[in-house]
Amino acid sequence: MLFSWLKNYRRRRLLAKPFPADWSAHLNNVAAYPLLTADEQNCLRDDLRVFVAEKNWEGCGGLTMTDQIKVTIAAQACLLLLGMEHDYFSRVLSVLVYPSAYRVPDREGLIDERGHGILGQAWYRGPVILAWDAVVAESRDFTSGRNLVLHEFAHQLDFLDGLANGTPPLKNREQQAKWHGIMTAEYDKLVRDSQKGKATVLDSYGAADPPEFFAVATECFFTQPAPMQRRHPLLFQVLREYYGQDPAQRMIRMAQ
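Keep in mind it's a predicted model, so treat the numbers as computed, not measured. (Residues numbered from 1 in each chain as written. Predicted model: local features only at pLDDT ≥ 70, side-chain atom pairs only at ≥ 80, totals over all residues. Heavy atoms only, no water.)

Draft legend 1. Highlighting the pattern of salt bridges. Scanning the entire structure with this criterion turns up nine salt bridges. Put simply, D87 and R11 hold a salt bridge, and the shortest N to O gap is 2.8 Å. Here D87, found in the loop between α4 (67-79) and β2 (94-98), pairs with R11, found in helix α1 (residues 2-16); they are 76 residues apart in sequence, far enough to count as distant. On the basis of relative accessibility, which here comes to 8%, the residue R11 falls in the buried class. Beyond isolated ion pairs, a larger network of salt bridges with shared partners links K7, R11, E54 and D87. (Salt bridge = Lys/Arg side-chain N within 4 Å of Asp/Glu carboxyl O. Helix = DSSP H or I, 4+ residues; strand = E, 2+ residues; numbered from the N terminus. Buried < 20%, exposed > 50% of the residue type's maximum accessible area, 1.4 Å probe, protein only.)

Okay, structure coming up:
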């Protein structure tokens, strides 16, 4: 109880201060930011400040950690939270950032230098690890269908019930039944289409397993909402209900 009170007190003190002026410039890296309403932008700025303050940020592989890196990552992670109750990804204590794709040792502690490396990882009750060059490129081009930060933090939402199964905590049994039916059908369809080499709106990486499907679907929902809504209306609907957001309407407002 005391810890919770102290945490909330610190958050209130933080948010009572003005948003750092130089951080506004860093938000230029986030192409999704202008798509938000004024209220959503205010909420995102508050959320990302708490997120930045409460995480341990570490530059790896020679990368020097900067506010630009923190704000760019935090803004995208907190975009996922705009329409839901949350605690700022409190189980993610650290964000580790490499300059670019990195390699990890195998079980014997050896590194395969021939590999292309890894762009990101999300660990259960552990850190999120990201490659900065991919983060910033995808953040500035928010229509590519891919977004590393959204992908890895979708995994963290999936972990909230203690399971990595592509199903985050849901509100009730009705939502659970709807989610299971739609997500299973859409996942099976992506697997079939990928095996046939058929072009898909969803990245074929989502056919790897249900957790990856949820993360890939999240990327597509936020970065390719109109194509997803046209070709996968039920999937779009179930994600809209879960995230409490409608990215397709944002795109329409921007075009008007």
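Anyway, onward from the coordinates.
Draft legend 2. Quick look at unusual backbone geometry. For Y88, which is not glycine, the phi dihedral falls at a positive 60 degrees. Within the fold, Y88 resides in the loop between α4 and β2. Phi is positive for F89, close to 50 degrees, though the residue is something other than glycine. Within the secondary structure, F89 is located in the loop between α4 and β2. For F89, a relative accessible area of 8% gives the class buried.

Draft legend 3. Structural detail: the pairing of strand β4 (residues 128-131). Neither face of β4 is exposed, since V128 and L130 on one face and I129 and A131 on the opposite face are all buried. Where β2 lies against β4, four bridges are found, and the strand directions are parallel. Bridging from a neighbouring strand, V95 pairs with V128 of β4. As paired strands, strand β3 (residues 120-122) and β4 are joined by three bridges and run antiparallel to one another. Paired with A122 across the bridge in β4 is V128. What sits between β3 and β4 in their antiparallel hairpin is a turn of five residues, with R125 showing a positive phi close to 50 degrees. (Pairing = 2+ DSSP bridges.)

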